[in-house]
Amino acid sequence: MITGTHIAYLHTCHRKLWLFAHGIRMEHTSDIVAEGKLIGETSYPDRSKKYTELELDGIKIDFYDAKNKVIHEVKKTDKVERAHIAQVKYYLYMLSKNGIEGASALLEYPKMRQTQIVEWEEGDEALVSTYIQKATAIINQPHCPALVRLPICEKCSYYDFCYSGEE
Ligand code: SF4
């Protein structure tokens, strides 16, 4: 099952996508998840009262405003990334597939005190379908994609795994 995390990793690092999809997790990952959760909880302490957690076909959307049909996705980075937009487009795709039309998403960056609205636009269905196909093709590769040095490597939870053989 493809999740929003898979789609986000498709847009950051194919090797990371493959490792994650094959159940390889590094300790550090849980710290990042915990930190992300903490940012959500401390920045928006009342949101659990306002929003519901939505589970659809194996994906989980933490904060969904059912009344206004808005997905709220909190990010801890200090810049808006293409991967974040792709991830919430995937959520909008899944909502649409489950009969919830006309939804939108709000990416929230508490560190920057900034938000970005992501709408469902014409052509997005085909676009997200290609994301799913590409992610599935990478995951189904028998071997982990080769290491490609990326600027994000140093902050990646798989850093030690990927670079352990290097000087
Ligand atoms: S350390 Fe770099 S190459 Fe390895 S999974 Fe992370 S981003 Fe990808």
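The rules behind the values
In this convention, every chain numbers its residues from 1, walking through the sequence in written order. Totals for whole chains, interfaces and linings use all residues, but because this is a predicted model, local features are given only for residues with pLDDT of at least 70 and pairs of side-chain atoms are given and counted only at 80 or more. Note that the side-chain values use all heavy atoms of the structure and ignore hydrogens as well as water. For this analysis, a salt bridge means a side-chain nitrogen from Lys or Arg found within 4 Å of a carboxyl oxygen belonging to Asp or Glu. Near residues are defined by distance, with any heavy atom within 4 Å of the molecule or strand qualifying the residue. Both cavities and pockets are sets of points on a 1 Å grid over the protein atoms alone; in a cavity a 1.4 Å probe fits but cannot get out, in a pocket the set is open with protein on both sides within 12 Å along at least five of seven lines, and lining residues sit with an atom within 4 Å of a point. Molecules are considered to sit inside a cavity or pocket once more than half of their atoms lie within 2 Å of its grid points. Every helix listed is a DSSP run of H or I at least four residues long, and every strand listed is a run of E at least two residues long, numbered separately from the N terminus. Grid points are joined across faces, edges and corners, and a volume is the space filled by probe spheres set on the points. The rule for pairing is simple: two strands pair if DSSP sees at least two bridges between them. A fitted line through C-alpha atoms serves as each axis, taken over the contacting stretch for helices, and the angle formed by two N-to-C directions is quoted from 0 to 180°. Burial status follows relative accessibility: with a 1.4 Å probe on protein chains alone, a residue under 20% of its type maximum counts as buried, one over 50% as exposed, and anything between as partly exposed. For the purposes of these results, a polar contact is taken to be a pair of N or O atoms within 3.5 Å, where, inside protein, one atom must be able to donate a hydrogen and its partner to accept one; residues adjacent in sequence count only when each atom of the pair is a side-chain atom. We call two residues contacting when some pair of their heavy atoms lies within 4.5 Å. Ring pairs are drawn from Phe, Tyr and Trp, using the six-membered ring of Trp, whenever the two centres fall within 6.5 Å, and their geometry is named by plane angle: stacked under 30 degrees, edge-to-face over 60, tilted for the rest.

Trainee: Tell me about the pattern of salt bridges, and name the residues and values.
Mentor: Scanning all chains against the criterion turns up 6 salt bridges. For Glu53, the salt bridge goes to Lys60, with nearest N and O atoms at 4.0 Å. The network of salt bridges with shared partners includes Lys89, Glu121 and Asp124.

Trainee: Pulling in residues and values, what's your account of the site of the ligand?
Mentor: Around the ligand, the neighbouring residues are Cys13, Arg15, Lys16, Leu147, Val148, Ile152, Cys153, Cys156, Tyr158, Tyr159, Cys162 and Tyr163. Among the detected pockets, the ligand sits in the largest cavity. Of all the secondary structure elements, the ones that give two or more residues to the shell around the ligand are α2 (14–21) and α7 (159–163).

Trainee: For empty space enclosed by the protein, give the residues involved together with the corresponding values.
Mentor: By rolling a water-sized probe across the atoms, one finds the places where empty space is left. One pass over the full model with this rule turns up 1 cavity of 30 Å³ or more. Volume-wise, the largest cavity comes out at about 110 Å³. Lining the largest cavity are 14 residues, and of these Cys13, Leu147, Cys153, Cys156 and Cys162 lie nearest its centre. Of all the elements in the fold, those that place two or more residues in the lining of the largest cavity are α2 and α7.

Trainee: Summarise the sheet that holds strand β1 (residues 52–56); cite the residues concerned and give the values.
Mentor: Note on sheets: strands pair through backbone hydrogen bonds, and any given pair is parallel or antiparallel. The 5 strands lie next to each other as β1-β2-β3-β4-β5, forming an open sheet whose pairing is mixed. Every interior strand has two partners, whereas the edge strands, β1 and β5 (114–119), have only one. When the angles between neighbouring strand axes are averaged without regard to direction, this sheet yields 35 degrees. Sheet analysis places strand β2 (residues 59–65) next to strand β3 (residues 70–74), joined by 3 bridges and oriented antiparallel. When the bridges of β3 are listed, Tyr64 appears paired with Ile71.

Trainee: Report on the side chain of Arg15, specifying residues and quantitative values.
Mentor: When you line up the elements, Arg15 lands in helix α2. The exposure class of Arg15 is buried, given its relative accessible area of 13%. Within the structure, the side chain of Arg15 is placed 2.9 Å from the backbone oxygen of Pro145, a separation counted as a polar contact. Excluding its chain neighbours within four sequence positions, the residues that come into contact with Arg15 are Cys144, Pro145, Ala146, Leu147, Phe161 and Cys162.

Trainee: Can you break down the packing of aromatic side chains residue by residue, with the values?
Mentor: Considering all chains together, one arrives at 5 aromatic pairs under this definition. Summarising the aromatic geometry, the rings of Tyr159 and Tyr163 are spaced 4.6 Å apart at their centres and angled 25 degrees between planes, so their arrangement reads as stacked. Within this pair, Tyr159 and its partner Tyr163 are both found in helix α7, separated by 4 residues, close to a single helical turn. Among the residues examined, Tyr159 registers a relative accessible area of 31% and is labelled partly exposed.

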